[in-house]
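Descriptive structure summary
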Amino acid sequence: MVPYFFGPVAYFVQEMTVRLGAVTKRGHAEAIFDGFGSFWGWFSLIDLILTDLLTMITEFIGMTAAMSIFNIPAIVTVLVAWLIMGIMIFSGRYWTWEKIALLFCFINLIYIPAAFIVHPSIPAIFSNSFIPHLPPGGLTATLFFLLMANIGTTIAPWMLFFQQSSVVDKGLQEKDIKFARIDTALGAFFTVVVAMFVIIISGTLLYGTHVNDAAQAARMLMPTSKYLGTFVAIGLFNAGLLGAICISLASSWAFGEVFGWAHSLNKKIKEAPWFYSYYFFTLLVAGIVVLIPGAPLVLITLFVQVIATTLLPAALVFLIILLNDEKQWGNTKITCFTIL
């Protein structure tokens, strides 16, 4: 039942940042500095920098692990990821970047046909989806840790910064909020759909099996069907790439807002050098860390999501207070409590 619960929560949280960005024309980092002062502003920025960098590492972990199934060296995967993410921002237009990102979002739906390959039990899907239950042993420390990680990967603080800054860079106005809500709702809906089909695949074929990471799961699925394992591996790489695309921009936008740098995808590299420099810096660091021999990659992956969950309440408090601050809204009547 976890994905069904997180979907609506993800929608309402991101929908609030849409309104805040469309009305104030300011990114989330800038809004926090203006609304709460420099202490909490720096607290939020440092929090964002650390969690984003660590999360970026986990995205590269996923990409390299996925391509290792096809015996592609990690260094090649990292270089390809760098190349794709570099090409996406060279156009100097936000809309071009968004169209490419939406293409990768569409590829993420590959888990849907993959689920039909395993011929899951329909009664078992409905029973296990809508009837709450705990695995043997109950709520153990390991299960609690995994639940925390699931929350952190679905509703992470960086998403607030990314969503609001993207709304500003996209140039949305108050009149566009209705359409932005539809956009956000579709994103939350398909997040749940993809998660549901991933659970169907793993629950049908890997239930009770010890799995260390998603790449291992894909390898274990290969004997069942080479197409199934391939679909899962492609989905894993694509998910990591999508995450890296968004997270790197969340930090870059935030840095630009705080330091007053030009920070827009609508500007060329020579017009916003520091914005793009930090963007490539995060890509470089995350890719290099993944290539370090013996790095505890699985532990990093879980640890990052738990940290994101721990820091989420503070980010949500800032967001709700900003939405109810009349100085932020001016004469508009679109407030926090105007949900629909």
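Report follows, based on the coordinates. (Residues numbered from 1 in each chain as written. Predicted model: local features only at pLDDT ≥ 70, side-chain atom pairs only at ≥ 80, totals over all residues. Heavy atoms only, no water.)

**A word on the overall build of the protein chain**
- Secondary structure assignment for the protein chain yields 15 helices and 0 strands.
- Residue burial in the protein chain is summarised as follows: out of 340 residues, 47% are buried.
- Intrachain contacts of the protein chain at a sequence separation of at least 6 include 80% that bridge at least 24 residues.
- For the protein chain, the exposed area adds up to about 16,700 Å²; of that, 72% sits on carbon and sulfur atoms. (Helix = DSSP H or I, 4+ residues; strand = E, 2+ residues; numbered from the N terminus. Buried < 20%, exposed > 50% of the residue type's maximum accessible area, 1.4 Å probe, protein only. Contact = heavy atoms within 4.5 Å. Areas by Shrake-Rupley, 256 points an atom, 1.4 Å probe, with all protein chains shown as cover.)

**What to know about empty space enclosed by the protein**
- This model, assessed by the stated rule, comprises 1 cavity of 30 Å³ or more.
- Along its surface, the largest cavity is lined by H28, I32, F43, S44, D47, L48, P157, F161, L311, A314, A315 and F318. (1 Å grid on protein atoms, 1.4 Å probe; cavity = no way out; pocket = protein on both sides within 12 Å on 5 of 7 lines; lining within 4 Å. Points joined across faces, edges and corners; volume = space filled by probe spheres on them.)

**Observations regarding the packing of helix α2 (residues 28–36) against helix α3 (residues 38–68)**
- Where α2 contacts α3, the two axes come as close as 7 Å, and the packing angle between them is 155 degrees. In terms of orientation, α2 lies roughly antiparallel with respect to α3. Note that α2 runs across α3; the crossing there is right-handed. Every residue of α3 that contacts α2 at I32, F33 and F36 is listed here: S38, W40, G41, W42 and S44.
- Classifying every residue of the contact of α2 with α3 gives 5 nonpolar, 3 polar and no charged. (Axes fitted to C-alpha atoms, helices over the stretch in contact; angles between N-to-C directions. Parallel < 35°, antiparallel > 145°, perpendicular 65-115°, else oblique. Left-handed = near helix turned anticlockwise from the far one by under 90°. Nonpolar A, V, L, I, M, F, W, Y, C, P; charged D, E, K, R; others polar.)

**Here we look at the packing of aromatic side chains**
- This structure, assessed with the given rule, holds 23 aromatic pairs.
- Both rings, one in F116 and one in F197, keep their centres 6.1 Å apart while their planes meet at 40 degrees; by these two values the pair is tilted. Residue F116 is found in helix α6 (residues 111–117), and its partner F197 is found in helix α10 (residues 177–205); the two are separated by 81 residues along the sequence.
- Judged by its relative accessible area of 58%, F116 falls in the exposed class.
- An aromatic cluster is built from F33, W42, F255, F259, W261, W274, Y278 and F281, whose rings are joined through pairwise contacts. (Phe/Tyr/Trp six-rings, centres within 6.5 Å; stacked < 30°, edge-to-face > 60°.)

**Quick notes on the pattern of salt bridges**
- Inspection of every chain in the model, using the stated rule, returns 5 salt bridges.
- K170 is the partner of E98 in a salt bridge, and the nearest nitrogen-oxygen pair spans 3.1 Å. Separated by 72 residues along the polypeptide, E98 in helix α5 (residues 94–107) and K170 in helix α9 (residues 157–170) bring together distant segments of the chain. Pair check on accessibility: E98 and K170 agree, each one buried.
- For D176, the salt bridge is made with K175, and the minimal N-O distance between the two is 3.4 Å.
- Through salt bridges that share partners, E15, R19 and R181 make up one connected network. (Salt bridge = Lys/Arg side-chain N within 4 Å of Asp/Glu carboxyl O.)

**Some thoughts on the environment of G92**
- Along the chain, the position of G92 falls in the loop between α4 (74–89) and α5.
- Exposure remark for G92: the relative accessible area of 8% places this residue in the buried category.
- Separated by 179 residues in the primary sequence, G92 and E271 have C-alpha atoms spaced 9.7 Å apart.

**As for the side chain of N108**
- Of note, N108 is situated in the loop between α5 and α6.
- Excluding residues that lie within four positions of it along the chain, N108 makes contacts with V194, G235, N238, A239 and L242.

**A word on a nonpolar patch on the surface**
- There is a patch of nonpolar side chains on the surface, built from F70, I72, I75, V76, L79, V80 and I234 and spanning about 500 Å² of accessible area.
- Among the elements that line the nonpolar patch, the one with the most residues is α4, at 4 residues.
- Positionally, I72 belongs in the loop between α3 and α4.
- Judged by its relative accessible area of 30%, I72 is partly exposed. (Patch = residues over 30% accessible without salt bridge, like charges linked within 9 Å, V, L, I, M, F, W, Y side chains within 5 Å.)

**What to know about unusual backbone geometry**
- Look at K25: it is not a glycine, yet its phi comes out positive at around 60 degrees.
- Mapped onto the elements of the fold, K25 is located in the loop between α1 (2–24) and α2.
- Residue classification places K25 among the partly exposed residues on the basis of a relative accessible area of 37%.
- The residue N71 is not glycine, and still its phi comes out positive at about 60 degrees.
- Along the polypeptide, N71 turns up in the loop between α3 and α4.

The quantities given are spatial measurements derived from coordinates; they are silent on function.
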